[in-house]
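Single-letter residue listing:
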2 protein chains.
Amino acid sequence: MEFSSKLLEKAVYEMSQLPGIGKRTALRLVLHLLRQPQEQTVHLASALQHMRNDIKFCSSCHNISDTQLCEICANPRRTEDIICVVEDIRDVMAIENTSSFKGLYHVLGGKISPMDGIGPNDLNITTLVSKVKEGRVKELIFALSSTMEGDTTNFYIFKQIQDCEIVTSTIARGISVGNELEYTDEVTLGRSILNRIPFEASLKS
Amino acid sequence: MEFSSKLLEKAVYEMSQLPGIGKRTALRLVLHLLRQPQEQTVHLASALQHMRNDIKFCSSCHNISDTQLCEICANPRRTEDIICVVEDIRDVMAIENTSSFKGLYHVLGGKISPMDGIGPNDLNITTLVSKVKEGRVKELIFALSSTMEGDTTNFYIFKQIQDCEIVTSTIARGISVGNELEYTDEVTLGRSILNRIPFEASLKS
């Protein structure tokens, strides 16, 4: 693409560095900003910079938070000794939306992925292991995505805490509520049969 | 969506004001910026602000330009008396890519669209009409998209200059080169038969 303006070219270039945004989309977004009042661009730029400079992470669960301890960790009505291990803030938001979990979270900040150069030391694993070793945890629920990276991360953590007397569990994989059997992939369907639960238990949930 | 941080919420909100970017995509983009080095956000924010504050428009054709007269208008090798009327800078870039046009452009900055509250006075029409009335133009090529708004805009401009002695034309509509007849929509196919050109002329292009 040949641009008639260096300023425009630079803005399009920076915009196209975002994931899933190509040069054409970036140009469309940038031209949109040009047509809108100047304030919109000012607000966007300053919101991004403020967030990047001033964002804090909860000192306990590493979730994004404006306070030293996040709202969930600071809430006295949450069960402190059940910890759900998740990848990032989006998982916390998704689980919170279900209102089904009253324990605390631990945000790893990613999964172990040698392909992307992410090792155990890039994630918030040591703080989780020390929480467990201090005896503050009764149950650890692994809620990472069930990919090879997710399974590797689960296993890496499990190895470090297997001598501690705690319950470890993973969230149930199975057929989505309301979905038809015939359209479910084989792995999920197979697992849902292997991990079947007593009928009486299914009536309660 | 419930956010655990006001800073994050504000950044996601501002990002989701861009066209085609919903809350979920905005969150994904913003979390990506958080994982990247701080400089990336600084560069993005400053590129957007610089562009919005300092961008200039060519005093002749209204295209985006860093100089008072854009490169195309300032180029002595372009034919000055043939002007191609387009909607925005993307059309200029698309036509320039073809290397088929050696005249100048006039960027309207949009189309007349009462539904979106855009009237003739919001577009760069008066400067175009005065260029024509000053006798500096021999031919005007309308290259707006063939929608109702595009046709309205073409007609509005045509009415104002119809007493001047110039040639007006619109770019040819027809079947895309390489496309099959049977998959072409009826309107395009119909027009391409009505506006057929002599076979000898087609051999030259």
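Definitions and limits used
- Residues numbered from 1 in each chain as written.
- Chains lettered and ligands numbered in written order.
- Predicted model: local features only at pLDDT ≥ 70, side-chain atom pairs only at ≥ 80, totals over all residues.
- Heavy atoms only, no water.
- Helix = DSSP H or I, 4+ residues; strand = E, 2+ residues; numbered from the N terminus.
- Domains from an automatic or database assignment.
- Salt bridge = Lys/Arg side-chain N within 4 Å of Asp/Glu carboxyl O.
- Buried < 20%, exposed > 50% of the residue type's maximum accessible area, 1.4 Å probe, protein only.
- Phe/Tyr/Trp six-rings, centres within 6.5 Å; stacked < 30°, edge-to-face > 60°.
- Pairing = 2+ DSSP bridges.
- Axes fitted to C-alpha atoms, helices over the stretch in contact; angles between N-to-C directions.
- Contact = heavy atoms within 4.5 Å.

**Q** Describe in detail unusual backbone geometry, supporting the description with residues and values.
**A** Most peptide bonds take the trans configuration, and most residues that are not glycine carry a negative phi. Even without being a glycine, Ser-99 of chain A presents a positive backbone phi close to 55°. Tracing the chain through its elements places Ser-99 of chain A in the loop between helix H5 (89–98) and strand S4 (104–107). For His-62 of chain B, which is not glycine, the phi torsion reads 70° and is therefore positive. Mapped onto the elements, His-62 of chain B comes out in the loop between strand S1 (56–57) and strand S2 (64–65).

**Q** Which residues make up the domain arrangement of chain A, and what values do they have?
**A** The domain architecture assigned to chain A consists of domain 1 (6–54) and domain 2 (69–171). A C-alpha centroid distance of 35 Å is found between domain 1 of chain A and domain 2 of chain A.

**Q** Now, about the pattern of salt bridges: what can you tell me, with residues and values included?
**A** Residues and elements named next belong to chain A. Per the counting criterion, the structure on display carries 14 salt bridges over all chains. Where Lys-6 meets Glu-9, a salt bridge forms, and the shortest distance between an N and an O atom there is 3.6 Å. Residue Lys-6 and its partner Glu-9 are both found in helix H1 (residues 6–15); the two are separated by 3 residues, about one turn of the helix. The class of Glu-9 is partly exposed, set by a relative accessible area of 31%. In this structure, Lys-138 engages Asp-81 in a salt bridge whose closest nitrogen and oxygen atoms are separated by 3.5 Å. Of the two residues, Lys-138 sits in the loop between helix H6 (126–133) and strand S5 (139–142) while Asp-81 sits in the loop between helix H4 (71–74) and strand S3 (82–86), which places them 57 residues apart along the sequence. Accessibility expressed as a relative area gives 22% for Asp-81, which makes it partly exposed.

**Q** Describe the packing of aromatic side chains, and please don't skip the residues or the numbers.
**A** Any two aromatic rings considered together are summarised by their centre-to-centre distance and by the angle between their planes. All names here are of chain A. Enumeration over the complete set of coordinates arrives at 2 aromatic pairs over all chains. Between Phe-101 and Tyr-105 the ring centres are 5.2 Å apart and the planes differ by 65°, which places this aromatic pair in the edge-to-face class. In this structure, Phe-101 and Tyr-105 share a single accessibility class: buried.

**Q** Describe the sheet that holds strand S3 (residues 82–86) of chain B, with residues and values.
**A** All names here are of chain B. The sheet built from 4 strands is open, its strands ordered S4-S3-S5-S6 with parallel pairing. Both edges of this open sheet fall to strand S4 (104–107) and strand S6 (167–170), since each of them pairs with a single strand only. Between one strand axis and the next, the sheet turns through 25° on average, direction left out of account. As paired elements, S3 and strand S5 (residues 139–142) share 4 bridges and run parallel to each other. Bridge pairing in S5 links Ile-83 to Leu-140. Strands in contact with helix H6 (residues 126–133) are S3, S4 and S5; relative to S4, the strand with the most contacts, it is inclined by about 140°. Running at roughly 165° to S5, helix H7 (residues 148–161) makes contact with S3, S5 and S6 of the sheet.

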